[in-house]
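Structural characterization, general
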Amino acid sequence: MSSHTKIVVLRSKELVYALVLIVISVLIIMTAVSLFVPSKETAAERTEPETQTQPQSSSEASSPQYVPGVYSSAIKLGNANVELQITVDENHINSITLLNLDESVSTLYPLMQPTLNELSASILESQSLDGISYTDENRYTSMLLMQAIRTTLDKALASENADSPDMSTIY
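Before going into details, it helps to say that this report is about the structure given with it. (Residues numbered from 1 in each chain as written. Predicted model: local features only at pLDDT ≥ 70, side-chain atom pairs only at ≥ 80, totals over all residues. Heavy atoms only, no water.)

Quick look at the packing of helix 4 (residues 112–126) against helix 5 (residues 139–156) now. Taken N-terminus to C-terminus, the directions of helix 4 and helix 5 make an angle of 55°; their axes are 10 Å apart at the nearest point. With respect to helix 5, the element helix 4 is oriented oblique. Helix-helix and strand crossings are classified by hand; for helix 4 and helix 5 the assignment is right-handed. Residue-level contacts link Met112, Thr115, Leu116, Leu119 and Ile123 of helix 4 to Thr141, Ser142, Leu144, Leu145, Met146 and Ile149 of helix 5. (Axes fitted to C-alpha atoms, helices over the stretch in contact; angles between N-to-C directions. Helix = DSSP H or I, 4+ residues; strand = E, 2+ residues; numbered from the N terminus. Parallel < 35°, antiparallel > 145°, perpendicular 65-115°, else oblique. Left-handed = near helix turned anticlockwise from the far one by under 90°. Contact = heavy atoms within 4.5 Å.)

Written out as structure tokens, the structure is:
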């Protein structure tokens, strides 16, 4: 009888160890999944709160929002400068483009042009920088470009100093 008791004790220990191992494995898997699954937060939640004036709705379109023209900012990428150029009229953003994006820069920063194309399409559709979202894959490129776009649009805002264009550099 005593040998039978020892076998049952050993089997119950094995069951307990197996259950503990399964629970720990499930916890590790749940933690890994929660770390690598993209979160639902938008780009607006990732960046600092907006304090800048944003484009107005069509009901407020009576006063001009922008001074019409072409505005630009330089983005320094390594040893090269790339120019972000935004064309606006009184109440609309008409285009957002990258200039001086030579082959060496596009090779070193392959996400620059596709990311700007995505951001530009969203901004031109909504005519606002609010609620623009981007994927985690190109988060840093998007943040750099959004900073340059905000800086450039600040120059275009209708104000007393909007007639004095200047080039600013985004690092």
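Don't stop here, the text continues.
On to the environment of threonine 31, then. Tracing the backbone through its elements, the reader meets threonine 31 in helix 1 (residues 2–36). Its relative accessible area of 45% is what places threonine 31 among the partly exposed residues. A polar contact is formed between the side chain of threonine 31 and the backbone oxygen of leucine 27, at a distance of 2.8 Å. (Buried < 20%, exposed > 50% of the residue type's maximum accessible area, 1.4 Å probe, protein only. Polar contact = N/O pair within 3.5 Å; in protein donor to acceptor, adjacent residues only side chain to side chain.)

Moving on, we get to the side chain of serine 73. Its place among the elements puts serine 73 in strand 1 (residues 69–77). A distance of 2.7 Å separates polar atoms of two side chains, one belonging to serine 73 and the other to threonine 152. Only 3.3 Å separates the side chain of serine 73 from the side chain of lysine 155, close enough to count as a polar contact.

Moving on to the nonpolar core. Ranked by internal contacts, the top residues of the largest apolar core, which has 27 residues, are Leu84 and Ile149. Elements with a minimum of two residues in this core: strand 1, strand 2 (80–88), strand 3 (93–99), helix 4 and helix 5. Among all residues touching isoleucine 149, those that are not within four sequence positions of it are Leu84, Ile86, Ile96, Leu116, Ile123 and Leu129. (Core = buried A, V, L, I, M, F, W, Y, C linked by side-chain atoms within 4.5 Å.)

Because an α-helix completes one turn every 3.6 residues, residues spaced three or four positions apart along the sequence face the same direction. Between its first and last C-alpha atoms helix 5 spans 25 Å; for 18 residues at 1.5 Å apiece the expected length is 26 Å, and the two agree. All of the buried residues along helix 5 are Thr141, Ser142, Leu144, Leu145, Met146, Ala148, Ile149, Arg150, Thr152, Leu153, Lys155 and Ala156. (Expected span 1.5 Å × (residues − 1).)

Attention shifts here to unusual backbone geometry. One non-glycine residue with positive phi stands out, namely glutamine 127, at about 55°. Its place among the elements puts glutamine 127 in the loop between helix 4 and helix 5.

What follows covers the pairing of strand 1. With nine bridges connecting them, strand 1 and strand 2 associate as antiparallel partners. Within the sheet, the bridge partner assigned to serine 73 lies in strand 2 and is leucine 84. The hairpin formed by strand 1 and strand 2 contains two residues between the paired strands, and glycine 78 there has a positive phi angle of roughly 65°. (Pairing = 2+ DSSP bridges.)

Glancing now at the side chain of serine 72. Mapped onto the secondary structure, serine 72 falls in strand 1. Among the residues examined, serine 72 registers a relative accessible area of 14% and is labelled buried. Within the structure, the side chain of serine 72 is placed 3.1 Å from the side chain of glutamate 83, a separation counted as a polar contact.

The next subject is the pairing of strand 3. Looking at chain direction, strand 2 and strand 3 are connected through six bridges and run antiparallel. Within the sheet, the bridge partner assigned to glutamine 85 lies in strand 3 and is threonine 97. The hairpin turn running from strand 2 into strand 3, its antiparallel successor, is four residues long.

Turning next to helix 4. For helix 4, which comprises 15 residues, the first-to-last C-alpha distance of 21 Å matches the rise-based estimate of 21 Å (1.5 Å per residue) to within 8%. If you check which residues of helix 4 are buried, you get Met112, Thr115, Leu116, Leu119, Ser120 and Ile123. Looking straight down helix 4, one finds its buried side chains confined to an arc of 130°; they lie on one side. Among the structural elements, strand 1, strand 2, strand 3 and helix 5 are those in contact with the buried residues of helix 4. Following helix 4 by one or two positions, glutamine 127 adopts a phi angle in the positive range, close to 55°. (Arc of directions from axis to C-beta.)

It is worth stressing that arrangement in space is one thing and function is another; only the former is reported here.
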